[in-house]
Amino acid sequence: MMLAATGCSGAGGSGSSSDGESKTITALMVGNPQMEDIAKLTADSFTKETGITVKFTILPENELRDKVTQDVATQGGQYDVVTIGAYEAPIWAKNGWLHELSSYADKDSGYDEADLLQPMVKSLSGEDGKLYAAPFYGESSFLMWNKELFAAKGITMPERPTWQQVADFAARLNDKRAGVAGICLRGLPGWGEVFAPLTTVVNTFGGTWFEKDWTPKVNSPEFTEATKFYVDLVRRYGEAGASQAGFTECLNTFGQGKAAMWYDATSAAGTLEDTSASKVAGKVGYAYAPVNKTKASGWLWAWAWAMPKTTKQADAAWQFISWATGKEYEKLVGEKLGWSRLPAGKRTSTYNLPEYKQSATAFADITLKAIEEADPTNPGLQPRPALGVQFVGIPEFADLGTKVSQEVASAIAGKTTVEKALADGQKLAEGVAEKYRK
């Protein structure tokens, strides 16, 4: 999907060239609802104000990861701004692939970097303490549930459910005749798809990808128990075609009232509460991420705007990043599209906006608390060798996680067993561990 936000030539502003012609920057971004919103709003706001045209390329998450990694890692130079996440930012900063943004933010009097939530700033900073990607929206994970379906069965959802409670609820609420799944869970291959929620389950069941000394634990009893639990749950009570369902598919399924529960990103709530996009608006309850052996288990993530080192339009790129991640853009979304659709989870001031507080009453507080509770340094029961809640913060994890996820998706589809999937994964993890044990 490609969209171009075009502006009138000579619209003025500091982004215009000296001869009055409008500048153009290229942006590559993930195709989530918040990104589709910015593609709609850019021309009539940012471009008119600055004279900078933005040409967007929007891709599904897995395709986006491949495309952006290929372009940035090879210094392809095709894009001026790209969306990356909390996994890539510190690694790519260390590789020297990105412009640091702290110096731009410091000179930008209207940006207010101090207003950014510290968990997001830390997750997007390099070893030098500088910001290398500006958060567009931040998220943790929580459990969403259809209050009407729960009421019909007389079920009460606790604020902090256990995974066993969730499984029990899913069994009672699963209704194949009515086309309603007990729960929707990602099964789509990809380290950032199925393993985003699944790794949080592994953490709370006492498992880990690697121990502190880099001993791989992919086929450990705890990792195996968690994965079998997840696979069994989605096979028995999950959505149809679960092995090919990612965030977008579950958003559609739950939003159409076709699933009683959904465990996923807190950022989904804004879309679910939008009456123009959701059939369950006003009917959704929100609970903390389910647990087993830990007190909390939500992930920590930010989709953020970064500037590849190869851009020749750094000043114009920063103008866009500043606008897209600033306070005024949030107000623009609220006024034009609805306050529940703000790309929240990144600024303290967002949670003080009266209009947002009113529209996001059901989920704003729990979202903020979940983000603050997430601990990328210690997300499970044992010390870890690298940062990350739902990922391992090393370059090799993208390949490792994706390959193991393909096996897990096959298990969800009934084509292999969890034991075989994780035995194969353990061998792959051993190869990664060898590099770090030396």
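Everything that follows concerns the structure shown earlier in this document.
Let me begin by describing the structure that accompanies this report. Just so it is clear, the structure is predicted and the values come from calculations on it, not from any experiment.

This model, assessed by the stated rule, comprises 20 salt bridges. Among the ionic pairs, K217 bridges to E211, the shortest N-O distance being 4.0 Å. Through salt bridges with shared partners, one network takes in D37, D274 and R341.

This paragraph deals with helix α16 (residues 364-373). Regarding α16, the residues found buried are A364, I366, T367, L368, A370 and I371. Elements in contact with the buried residues of α16: α6 (118-123), β5 (134-139), β6 (141-146), β8 (284-288) and α15 (354-359).

Attention now goes to the side chain of D37. Its place among the elements puts D37 in helix α1 (residues 33-41). According to the relative accessible area criterion, D37 is buried, its value standing at 5%. Once you skip the residues sitting within four places of it in the chain, D37 turns out to touch Y329, L337 and R341.

Further remarks concern the layout of surface pockets. By volume, the largest pocket amounts to about 590 Å³. In this structure, the largest pocket is lined by 25 residues; those nearest its centre are A86, P90, K122, S123 and L387. Tallied by class, residues from the lining of the largest pocket come to 15 nonpolar, seven polar and three charged. Taken as a whole, the second largest pocket encloses approximately 460 Å³ of empty space. Lining the second largest pocket are 33 residues, and of these P33, Q34, L251, G270 and T271 sit closest to its centre. Elements supplying a minimum of two residues to the lining of the second largest pocket: α1, β5, α11 (247-255) and α12 (269-272).

A word on the state of the cysteines. Per the counting criterion, the structure on display carries one disulfide. There is a disulfide in this structure between C184 and C250, and the S-S distance comes to 2.5 Å. What sets the handedness of the C184 and C250 disulfide is the S-S torsion sign, and at about -85° it is left-handed. Residue C184 is located in the loop between α8 (163-173) and α9 (195-204), and its partner C250 is located in helix α11; the two are separated by 66 residues in the primary sequence. On the basis of relative accessibility, which here comes to 0%, the residue C184 falls in the buried class.

This part takes up empty space enclosed by the protein. Considering all chains together, one arrives at two cavities of 30 Å³ or more under this definition. Empty space within the largest cavity amounts to approximately 150 Å³. Forming the boundary of the largest cavity are 16 residues, of which E61, E139, R186, W301 and W303 lie nearest the centre. For the lining of the largest cavity, the secondary-structure elements that each account for two or more residues are α3 (61-73), β5 and β9 (301-306). In the lining of the largest cavity, the residues fall into eight nonpolar, four polar and four charged. By volume, the second largest cavity is sized at about 90 Å³.

Attention now moves to the packing of α1 against helix α14 (residues 327-337). Viewed as axis vectors pointing N to C, α1 and α14 meet at an angle of 85°, and their least axial separation amounts to 11 Å. Judged by the angle between their axes, α1 and α14 are roughly perpendicular. Together, Q34, D37, I38 and L41 of α1 and Y329, L332, V333, K336 and L337 of α14 make up the contact between the two elements.

Here the focus is the sheet that holds β6. With respect to topology, three strands assemble into an open sheet ordered β7-β6-β8, the strand pairing being antiparallel. The two strands at the open ends of the sheet, each matched to only one other strand, are β7 (261-265) and β8. Going from strand to strand, the sheet's axes swing by 30° on average, the running direction of each strand aside. In this sheet, β8 lies alongside β6 in antiparallel orientation, the contact comprising five bridges. Bridge pairing in β8 places N146 opposite V284.

Take the environment of Q390 next. On the secondary structure map, Q390 appears in the loop between α16 and α17 (397-412). Taking the C-alpha atoms as reference, Q390 lies 12 Å from E139; in sequence the two are 251 residues apart. Those residues within four positions of Q390 in sequence are excluded, and the remaining contacts are F195, A196, T199, T200, W299, L300, W301 and F397. A polar side-chain atom of Q390 sits 3.2 Å from the main-chain carbonyl oxygen of L300.

It is at 9 Å that the axes of α17 and helix α18 (residues 418-437) come closest, and there the two elements cross at 175°. Regarding the angle of α17 to α18, the classification is roughly antiparallel. Touching L400, K403, V404, E407, V408 and A411 of α17 are V418, A421, L422, D424, G425, L428, A429 and V432, all from α18. The residue makeup of the contact of α17 with α18, split by class, is 10 nonpolar, one polar and three charged.

Next up on the list: the packing of aromatic side chains. A full pass over the atoms with the stated rule returns 37 aromatic pairs. Judged by centre distance (5.2 Å) and plane angle (65°), the rings of F210 and W214 are edge-to-face. Each member of the pair, F210 together with W214, is buried. Ring geometry for W323 against Y329: centres 5.0 Å apart, planes inclined by 70°, an arrangement best described as edge-to-face. Ring pairing ties together the aromatic residues Y87, W191, F195, W209, F223, W301, W303, F391 and F397, which thus form one cluster. The ring of Y288 carries R160 above its face, with NZ or CZ at 3.8 Å from the centroid. Here the basic side chain of R347 rests over the ring of Y111, its NZ or CZ set 4.9 Å away from the ring centre.

The rules behind each value
- Residues numbered from 1 in each chain as written.
- Predicted model: local features only at pLDDT ≥ 70, side-chain atom pairs only at ≥ 80, totals over all residues.
- Heavy atoms only, no water.
- Salt bridge = Lys/Arg side-chain N within 4 Å of Asp/Glu carboxyl O.
- Buried < 20%, exposed > 50% of the residue type's maximum accessible area, 1.4 Å probe, protein only.
- Helix = DSSP H or I, 4+ residues; strand = E, 2+ residues; numbered from the N terminus.
- Contact = heavy atoms within 4.5 Å.
- 1 Å grid on protein atoms, 1.4 Å probe; cavity = no way out; pocket = protein on both sides within 12 Å on 5 of 7 lines; lining within 4 Å.
- Points joined across faces, edges and corners; volume = space filled by probe spheres on them.
- Nonpolar A, V, L, I, M, F, W, Y, C, P; charged D, E, K, R; others polar.
- Disulfide = S-S within 2.5 Å.
- Axes fitted to C-alpha atoms, helices over the stretch in contact; angles between N-to-C directions.
- Parallel < 35°, antiparallel > 145°, perpendicular 65-115°, else oblique.
- Pairing = 2+ DSSP bridges.
- Polar contact = N/O pair within 3.5 Å; in protein donor to acceptor, adjacent residues only side chain to side chain.
- Phe/Tyr/Trp six-rings, centres within 6.5 Å; stacked < 30°, edge-to-face > 60°.
- Lys NZ or Arg CZ within 6 Å of the ring centre and 35° of its normal.

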